[in-house]
Amino acid sequence: MAEPKYRIRALHTDSTVTVYQAYAPEIGLPAAREGRFPALWQRDRMTWIKPSFLWMMYRCGWGIKEGQETVLAIEISREGFERALEHACLSHYEHGLHADRATWKRQLKRAPARVQWDPERDLRRRPLAHRSLQLGLAGEAARLYADEWTVSITDITSLAHTIHAHVQAGDLDAARQLLPRERPYPMKEGALSHLRR
């Protein structure tokens, strides 16, 4: 059965969903140690969270890219995650979905969150046919994410490096065994209809 082009896939429980980010050690290490983002983390800037581990590995180069050497798995409340999605705006104008470009711009300016769908990646970071969600949080949503929605923060840099080493060695089966068990995220029917283009 073909994978749907637009579907949220994530590691999740009844109450939480895991998203990924990568930071320089001065932010990532204290965040993992304390289980919350430090004061150095700028709460007035947009932050992008990714439920896809492999998309995060594509973005941060397996935790090797400068400024992204600490890979974090952030467990957040499903209530917060779904609240952000409910009030999100698609990150780009889409004819037929938005009334016109000016209306979309007004929506984007007001929205506390924005959604972007990027090609999912395989273990070799090659693009796949289906899409992976990125969720951008700004203003009050970014503050809530950092200070209220976050349940736990775990440093998974060593996991990223281990999986990468298996991929480099050509042992993709061993790499797959270590991947987080992401599965379809249960959204209400039609909940993402305004965000799927």
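Since this is a predicted model, take the numbers as computed values, not measurements.

Quick notes on the rules
- Numbering of residues starts from 1 in every chain and runs along the sequence as written.
- Thresholds applied to this predicted model are a pLDDT of at least 70 for local features of residues and 80 or more for the giving and counting of side-chain atom pairs; totals over whole chains, interfaces and linings are not thresholded and use all residues.
- Water and hydrogen atoms play no part in the side-chain values, which are based on all heavy atoms of the structure.
- Every helix listed is a DSSP run of H or I at least four residues long, and every strand listed is a run of E at least two residues long, numbered separately from the N terminus.
- Expected helix span is given by 1.5 Å per residue-to-residue step, counting one fewer step than there are residues.
- Relative accessibility thresholds used throughout: buried, under 20% of the residue-type maximum; exposed, over 50%; partly exposed, between the two (1.4 Å probe, protein chains only).
- Read the arc as the range of directions from the helix axis to the C-beta atoms.
- By definition, residues are in contact when any of their heavy atoms lie within 4.5 Å.
- Strands were regarded as paired on the criterion that DSSP finds at least two bridges between them.
- For helices, the fitted axis covers only the stretch in contact; all axes are lines through C-alpha atoms, and the angles between them, taken along N-to-C directions, range from 0 to 180 degrees.
- We call a set of buried Ala, Val, Leu, Ile, Met, Phe, Trp, Tyr and Cys residues a nonpolar core when their side-chain atoms join them within 4.5 Å.
- Counted as a polar contact is a pair of N or O atoms within 3.5 Å, where, for protein atoms, one must be capable of donating a hydrogen and the other of accepting one, and residues adjacent in sequence contribute only when both atoms are in side chains.

K.L.:
Could you give me a rundown of helix α6 (residues 157-168), with the residues and numbers involved?
P.N.:
Here α6 contains twelve residues, and its C-alpha end-to-end distance of 16 Å stays within 8% of the 16 Å for a straight helix at 1.5 Å per residue. Burial in α6 covers these residues: Thr157, Ala160, Ile163, His164 and Val167. In an axial view of α6, the angular spread of the buried residues amounts to 130°, which keeps them on one side of the axis. Contact partners of the buried residues in α6: α2 (53-60), β4 (70-77), β8 (150-155) and α7 (172-178). Phi for glycine 170, located one or two positions after α6, is positive at around 85°.

K.L.:
I'd love a proper account of the pairing of strand β7 (residues 127-137), names of residues and values included.
P.N.:
Bridge analysis of strand β3 (residues 47-49) against β7 gives three bridges, and the strand direction is antiparallel. Across the sheet, isoleucine 49 pairs through a bridge with leucine 135, a residue of β7. Judged from the eight bridges that link them, strand β6 (residues 113-121) and β7 form a sheet pairing that is antiparallel. From the neighbouring strand, valine 115 faces β7, where its bridge partner is leucine 135. Counting the residues that bridge the hairpin from β6 to β7 gives five residues, and of these arginine 125 lies at a positive phi of roughly 65°.

K.L.:
Outline the environment of arginine 45, supporting the account with residue identities and numerical values.
P.N.:
Tracing the sequence through the fold places arginine 45 in the loop between α1 (25-34) and β3. Looking at arginine 45, the relative accessible area reads 51%, which means it is exposed. Leaving out residues up to four positions away in the same chain, arginine 45 has contacts with Leu137 and Ala142.

K.L.:
Quick one: what's the story with unusual backbone geometry, residue by residue and with numbers?
P.N.:
At tryptophan 62, a position not held by glycine, the phi torsion is positive, near 60°. Among the secondary structure elements, tryptophan 62 is positioned in the loop between α2 and β4. Notably, arginine 125 is not glycine yet its phi reads approximately 65°, a positive angle. Following the sequence through the fold, arginine 125 ends up in the loop between β6 and β7. Among the residues examined, arginine 125 registers a relative accessible area of 33% and is labelled partly exposed.

K.L.:
I'd like a description of the sheet that holds β8, backed by residues and values.
P.N.:
An order of β2-β4-β8 is seen for the three strands of this open sheet, with the pairing classed as antiparallel. Single-partner strands in this sheet number two, and they are β2 (16-23) and β8. The mean angle between the axes of side-by-side strands here comes to 25°, regardless of whether they run parallel or antiparallel. Pairing analysis gives eight bridges linking β2 to β4, with the strands arranged antiparallel. Considered in β4, the bridge of threonine 16 is made with serine 77. Contacts from α2 reach β2 and β4, with the element oriented near 10° to β2.

K.L.:
An account of the nonpolar core is needed here, citing residue identities and associated values.
P.N.:
Core analysis: the biggest nonpolar cluster contains 33 residues, and Phe37, Ile76, Phe81, Leu135, Leu137 and Tyr145 have the highest contact counts within it. Of all elements in the fold, only β2, α1, β4, α3 (78-86), β5 (88-90), β6, β7 and α5 (139-149) reach the threshold of two or more residues within this core. The leading source of residues in this core is α5, at six residues. Leave out the neighbours within four places in its chain, and tyrosine 145 touches Val19, Gln21, Phe37, Trp41, Thr47, Ile49, Ile74, Ile76, Leu137 and Thr150. With 18 residues, the next largest nonpolar core counts Tyr20, Met57, Cys60 and Leu172 among its residues.

K.L.:
An account of the environment of tyrosine 58 is requested, with residue identities and associated values reported.
P.N.:
Following the sequence through the fold, tyrosine 58 ends up in helix α2. Using a relative accessible area of 30% as the deciding quantity, one classes tyrosine 58 as partly exposed. The residues contacting tyrosine 58, other than those within four sequence positions of it, are Lys65, Arg121 and Arg125. Looking at tyrosine 58, its side chain comes within polar contact range of the side chain of arginine 121, at 3.5 Å.

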